[in-house]
Amino acid sequence: MSIHIRNVTKRFGSFTALDDVSLEVADGGLLALLGPSGSGKTTLLRIIAGLEHADSGTIEEDGADITDLHARSREVGFVFQHYALFRHMSVFENVAFGLRVRKTTDADVRSRVEELLRLVRLEGLGGRKPSQLSGGQRQRVALARALAIRPKILLLDEPFGALDAKVRVELRQWLRRLHDEIGMTSVFVTHDQEEAFELADRVVVMNQGRIEQEGSPDEVFDRPATPFVMDFLGNVNVYHGRVENGRAFWHGIPIDYPEYPHAQARDARVYLRPHELDIAPLAESWNRPGTSLSARVVRVTRSGAVTRLACRPHGSEAELHVDVPADVARSWNFEPGTNVAIKPRRATVFLPGPEYVI
Ligand code: ADP
Ligand code: MG
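Note that this is a predicted model, so its numbers are computed, not measured. (Residues numbered from 1 in each chain as written. Chains lettered and ligands numbered in written order. Predicted model: local features only at pLDDT ≥ 70, side-chain atom pairs only at ≥ 80, totals over all residues. Heavy atoms only, no water.)

### What about the site of ligand 1?
Close to ligand 1 lie Phe12, Phe15, Ala17, Pro36, Ser37, Gly38, Ser39, Gly40, Lys41, Thr42 and Thr43, which account for all nearby residues. Here an oxygen atom of ligand 1 and a backbone polar atom of serine 39 are 3.1 Å apart. Here an oxygen atom of ligand 1 sits 2.8 Å away from a polar atom, N or O, in the side chain of lysine 41. Look at ligand 1: alone it shows 560 Å² of surface, and the protein chains cover 58% of it. Elements with a minimum of two residues in the shell around ligand 1: β2 (15–25) and α1 (41–49). Looking at which element gives the most residues to the shell around ligand 1, the answer is α1, with three residues. (Near = heavy atom within 4 Å. Polar contact = N/O pair within 3.5 Å; in protein donor to acceptor, adjacent residues only side chain to side chain. Areas by Shrake-Rupley, 256 points an atom, 1.4 Å probe, with all protein chains shown as cover. Helix = DSSP H or I, 4+ residues; strand = E, 2+ residues; numbered from the N terminus.)

### Some thoughts on the domain arrangement of the protein chain
Reports of interface size often rely on the accessible area that becomes lost once the parts have come together. Segmentation of the protein chain into domains returns domain 1 (3–227) and domain 2 (237–357). One C-alpha centre belongs to domain 1, the other to domain 2; they are set 39 Å apart. Taken together, the two surfaces of domain 1 and domain 2 that pack against each other cover about 520 Å², and 55% of this comes from carbon and sulfur. Remark: the boundary between domain 1 and domain 2 carries zero salt bridges. (Domains from an automatic or database assignment. Buried area = accessible area lost by both parts, 1.4 Å probe. Salt bridge = Lys/Arg side-chain N within 4 Å of Asp/Glu carboxyl O.)

### Quick word on the sheet that holds strand β7 (residues 153–157)
Taken together, the six strands give an open sheet; going across it, the order is β6-β7-β8-β3-β9-β10, and neighbouring strands pair in mixed fashion. Bordering the open sheet on either side are β6 (76–79) and β10 (210–215), each of which pairs with just one other strand. Across the sheet, the axes of successive neighbouring strands diverge by a mean angle of 15 degrees, strand direction being ignored. Relative to β7, β6 runs parallel, the two being bridged by four bridges. In the sheet register, valine 79 faces β7, and the bridge partner there is leucine 156. The sheet contacts of helix α4 (residues 135–148) involve β6 and β7, and relative to β6 the element is tilted by about 165 degrees. (Pairing = 2+ DSSP bridges. Axes fitted to C-alpha atoms, helices over the stretch in contact; angles between N-to-C directions. Contact = heavy atoms within 4.5 Å.)

Take a look at the structure:
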């Protein structure tokens, strides 16, 4: 089942929550809606589900206009951030709920619920109450419940938002495998970029009710279309710079930028991401004036496999962040005070536009 959203606008009073949003979800695709709180993600999901109605625009499923179809008739499964399980009902009855409403026979309910509990790896726990489960298990019950009625579309609104980091990572890997198994068209809302990039085939970045960028995770990550996307993807070093003749200049150091081949120099905003900078002790042979910047390490922070070095370029108060694999950081023996050379492998450059403010 494919979904086609065309020119959807939604206002709450004078506030525009969705502003002319158009979007396609391919049949069997897993699309992540990524954006800060308040950007309109939940509103869009509720409009797809039929729980909310757009002021203008249309929604199609497999080419059929369902804009005015009632939520009940849309065959959509919905999983919310908060488990929203029935507390007084067993896990079995929670999963069975939609089937009972549809007057399914007891025998069919039993076989379907057991199949679903196996699918979400909760076989044998049907007799428990939600309070006797962990947060991650409860969210898997919520998913089984959403799947029970064999929806054509699965909508998930920050389903792991209330769980701790380790469980979130496990559950999203599990959800990705589950999606590959059952192949249902799914839209997943998150404000966590890692979650979006790990899970989804397509990522849509939203901001203030509009789509900033839509693409594969690689496209969005490697070629952020707007300064907002770049900032939102986080952890960037931003500088005033200049472009001319196919190169951007950062502290006088040239970086290839073929998108601007012109001879006339222009001011630009240069974004350097911490993992796109090379760093070595100052004595290293690739350090040459004009191709790398000398700096001093001021802080070393290890987080898992990555070590982040906060550095201060000589003669500057600004900090520059560089990420290196933890084993590389160890082998170079970086510590506060180490003199280093930094060389950008790549930069993303935004030329001044109408809303150019730095
Ligand atoms: P997100 O899920 O991205 O955090 P939402 O879609 O929930 O964003 O909300 C987008 C904006 O619309 C927010 O500013 C929110 O306050 C507003 N909004 C959402 N639902 C309502 C409503 N029922 N009444 C008034 N304003 C709403
Ligand atoms: Mg929301």
